[in-house]
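# Fold and contact review
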Amino acid sequence: MKPTFGLARSVFLRKFPVAVTAMTMMILACTVGILPVHAGQHPHSQTLRGTVEGNGHAQRGYKVSLYAAEAGGHGKGQVLGTARTDGDGKFKIRYRVPHGQQFVLFVIAEYGPVMLAGVIGTGHHVYDAVVVNERTTVATGTAFAQFVDVWKIHGNTYGMINAVKMAENMANPETGDIGEVLFNTPNGTETSTYPTFNSLTNVVASCVADNTNCYSLFMATTPEGGPAPTTVLQAVANIAKYPSYPGYPTDTDDPLYQLSLLDPVNQPALMKRPTSWLLFIKFNGGQHNIYDPFNLMSGPGQIAFDEGGFAWINDNYRPTFSNEIACAGQRLIKTYPWGETFPGSPYFGGGLSGAGFGIGLDPHGKVWVGNFGFEAPACADTTVDPLPDPALKIPAAHDSVSVFRPDGSPISGFDGFTKGHIWWPQATVSDKKGNIWIANCGNDTVTFIPKGKPGHARNIAFPGGRGAEGIYAPTIPDTEPDSDAPLLKPFAIAIDPKGRAWVTANQVGYVADSGTADPTEAIGGVYRVSSDGTVEMLPNLNAKSEPVLSWPMGISGDSQGNMWVSNSNSVKVPCVDPLDPQDGMDGPSVTLYPADDSAPSTHIGGGLTIPWGNAVDGNDTLWVFNFGQKPTRDVDENTVWPDTPLSHFCGADPSKCPSGKGTGDPISRDPGYVSDALDRVTGGGIDPSGNVWLLNNWKKTGPFGPVYNTNPGGNSFVIVPGAAGPVKTPLIGPPQSFDQRGHRRDHRRGHRSHSPHQAYDRD
């Protein structure tokens, strides 16, 4: 019997009482989440039987090693036993698992330069019969990309353990077959991810068929200015870290694509080269690809990770059929670190009402959600059928924050917490002291909740905004006479190393009466707010007095306090005002605000297309989440909607970037890392395994009037395994890697964590 993948589509209709501490979640990750039913029962002596296959055939004469890699600690690893495959490709190894730290077990099969590998479990909880082939090799090398270090595999505790199940999403270690998550809808034939995976397995198959192709693979996966890989597993890991080649779309300029054509045993495979070799694995709580009231989510807006890498996701709308009106969402979703829905999720109550970009965890593990009040226009103007229903938040109130315990039970009541003049809240984050910061898009203020005590909440107004005028609950949009609509629209928040909140303001400088914005002028602002109420407006011009902001959205800080802003160049946030897409400066961009307060700078390229959210990884490089290609207005039923890219930029420290890249240079080549698994993405994040998570907030057709006026919400999220520098979670304040300045204490386990990235730069 093999482990069960995923949950039934109706799982969210069942509610289970759960009470889990961080340690309980860790235990779940190490047992229920990754154990086969037939896990070994003999802690002192176990037997592993397996088969090595390549090109669909048994492989004779391979040296097979069972390798135990320490998760966390000092990165120690050891070989527990060896064998050699017989004429049927079979092997048997008796072994004992070492005592002490948590170990992840791998099977490594070698024949000259050829290597096939597979991860088979943790500690004593492993499969007792396995198949190792090209599929398990690609799955393992991708899921553990940030932890493969030449002949070693080592990294932080949670990241290593969680990657076991992520690999299983892609390949079944018991049979060597394609993983059920990757094989089935919403993946499978629905997107190009499955064919991309197969093409990667065919690259490895070419190496098995002719070992001279292994050396071609090593050459193709050598990072510019870095050492060549010496193992196939390292080569596969490098593909996730350095995923693209110049010359797109010319097939002959992509060496991996050319290798994939030599022995294409696994089908379906790519018929042309991709923009990148990243794997975009899609999740929606089931095995379907339709929109209906039974969906797990509708309009996922932003994500936050807890200590163990479990994901918490808010959403905009109530799930409906595509052509039905959707009012404010009232659910909070939790998933395992590998994308599977957590039992008992989603969670309800606590005042949840159409959350947008606001979700965060505090130092105690409590989840805070800002209730923006997303809803279809018919819900807002109470023309929806049935009539207004306060019990279902129809219409939405736009004036609260909800708080949940780590077990998913609400702390806040039906109306949420409302003190502090909360109005159309967006970003909702904690600092390291447990203070909660809320960006009030609707009244140009920030609500500050000291130590997470809602009764002590106070409001900090931005100069020139409605709150500074004493108008805390505007209701008249800028399309109406005597409008009191917000003038600044605070949107996203990042906390710097000094505990100050950096806040983007989406429409500073926009004059509604003119009907449009001057594309040569800066639109938007960045404010720095201290807990004592001090507000500083930062420059929106560079050293040459040129504008650096254009309808800014997300903001993220790096480990040194440098701040990165996404300039959508298009989005005028619809808080109080209706949807009204704009045309800003010449193209979207990202802006760097240096930690030393020197002049900001703007950077372009990398596939930026309406950049919305962003995140800094453990290497201080920037990942940008794009809302997708224009057009966003003047659209109809015949509009062609291009696929959406993911963008990646070199951070403020070029030493952590690929050779030859400087601060702000795009790492992702134009047109970006494009995937048909992505719709219109708003939020995302980086987890302890180095996976990039992206939220399909809107359907691609969302800007089309009949869709926008009913339910534009997407119903899925996407995980890109192994692509980014792992980040300690929860993200509270600046991001922390697990290898800053060599050894750093891993506070989650009370031991020291060794860097898994010594040999290679990032891509």
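Remember, predicted model here, so these are calculated numbers, not experimental data.

Right, let's talk about the layout of surface pockets for a bit. Looking at the largest pocket, its volume works out to about 720 Å³. Taken together, 41 residues form the lining of the largest pocket, with Phe 374, Pro 574, Asp 577, Leu 579 and Tyr 708 sitting closest to its centre. When its residues are assigned to classes, the lining of the largest pocket shows 26 nonpolar, 11 polar and 4 charged.

Reading across from one edge, S31-S32-S33-S34 is the order of the 4 strands in this open sheet, with antiparallel pairing throughout. Lying at the two open borders of the sheet, with one neighbouring strand each, are strand S31 (611-616) and strand S34 (673-675). Averaged over all adjacent pairs, the angle separating strand axes in this sheet is 20°, with direction ignored.

Let's shift gears to helix H2 (residues 134-143). Most of H2 sits out of view: 9 of its 10 residues are buried. What H2 keeps buried is the set Glu 134, Thr 136, Thr 137, Val 138, Ala 139, Thr 140, Gly 141, Thr 142 and Ala 143. Where H2 begins, one side-chain oxygen reaches toward the backbone nitrogen of Arg 135, 3.0 Å away; that side chain belongs to Asn 133.

Leave glycine aside and you will find that most residues have negative phi; peptide bonds, for their part, are mostly trans. The amide bond that connects Tyr 248 to the next residue, Pro 249, takes the cis arrangement and shows omega of 10°. Among the secondary structure elements, Pro 249 is positioned in the loop between helix H7 (232-241) and helix H8 (255-260). The residue after Ile 394, namely Pro 395, is reached through a cis peptide bond having omega -5°. The residue Pro 395 is located in the loop between helix H9 (377-380) and strand S18 (400-404) in this model. Non-glycine residue Trp 424 carries a positive phi angle of around 50°.

Contact geometry for H2 and helix H3 (residues 157-170): axes closest at 8 Å, N-to-C directions at 140°. Both H2 and H3 take part in a crossing whose hand is right-handed. Counting all contacts with H2, which are made through Ala 139, Thr 140, Thr 142 and Ala 143, the residues of H3 involved are Ala 163, Met 166, Ala 167 and Met 170. Counted by class, the contact of H2 with H3 contains 6 nonpolar, 2 polar and no charged residues.

In this structure the tally under the stated criterion is 12 salt bridges. Across the salt bridge formed by Asp 577 and Lys 489, the nearest N and O atoms sit 2.8 Å from each other. With Asp 577 in the loop between strand S28 (563-567) and strand S29 (589-593) and Lys 489 in the loop between strand S22 (458-461) and strand S23 (490-495), this residue pair connects regions lying 88 residues apart in the sequence. Per residue, the accessibility class of Asp 577 equals that of Lys 489, and both read buried. Among the ionic pairs, Asp 496 bridges to Arg 500, the shortest N-O distance being 2.8 Å. Each member of the pair, Asp 496 as well as Arg 500, carries the same accessibility label: buried.

Let's shift gears to the sheet that holds S29. Strand order in the open sheet formed by 4 strands is S27-S28-S29-S30, with antiparallel pairing between adjacent strands. Looking at which strands have only one partner, the edges of the open sheet turn out to be strand S27 (552-557) and strand S30 (601-603). This sheet shows a mean twist of 25° between the axes of neighbouring strands, independent of strand direction. Across 5 bridges, S28 lies against S29 in antiparallel orientation. Within S29, the residue paired with Met 563 across the bridge is Tyr 593.

For the rest of this paragraph, the subject is the environment of Glu 546. Inspection of the secondary structure puts Glu 546 in the loop between strand S26 (535-537) and S27. Taking the C-alpha atoms as reference points, Glu 546 and Ser 601, 55 residues apart in sequence, are found 9.4 Å from one another. When residues no more than four places from it in sequence are discounted, the contact partners of Glu 546 are Asn 540 and Leu 541.

Definitions and limits used
- Residues numbered from 1 in each chain as written.
- Predicted model: local features only at pLDDT ≥ 70, side-chain atom pairs only at ≥ 80, totals over all residues.
- Heavy atoms only, no water.
- 1 Å grid on protein atoms, 1.4 Å probe; cavity = no way out; pocket = protein on both sides within 12 Å on 5 of 7 lines; lining within 4 Å.
- Points joined across faces, edges and corners; volume = space filled by probe spheres on them.
- Nonpolar A, V, L, I, M, F, W, Y, C, P; charged D, E, K, R; others polar.
- Pairing = 2+ DSSP bridges.
- Helix = DSSP H or I, 4+ residues; strand = E, 2+ residues; numbered from the N terminus.
- Axes fitted to C-alpha atoms, helices over the stretch in contact; angles between N-to-C directions.
- Buried < 20%, exposed > 50% of the residue type's maximum accessible area, 1.4 Å probe, protein only.
- Polar contact = N/O pair within 3.5 Å; in protein donor to acceptor, adjacent residues only side chain to side chain.
- Left-handed = near helix turned anticlockwise from the far one by under 90°.
- Contact = heavy atoms within 4.5 Å.
- Salt bridge = Lys/Arg side-chain N within 4 Å of Asp/Glu carboxyl O.

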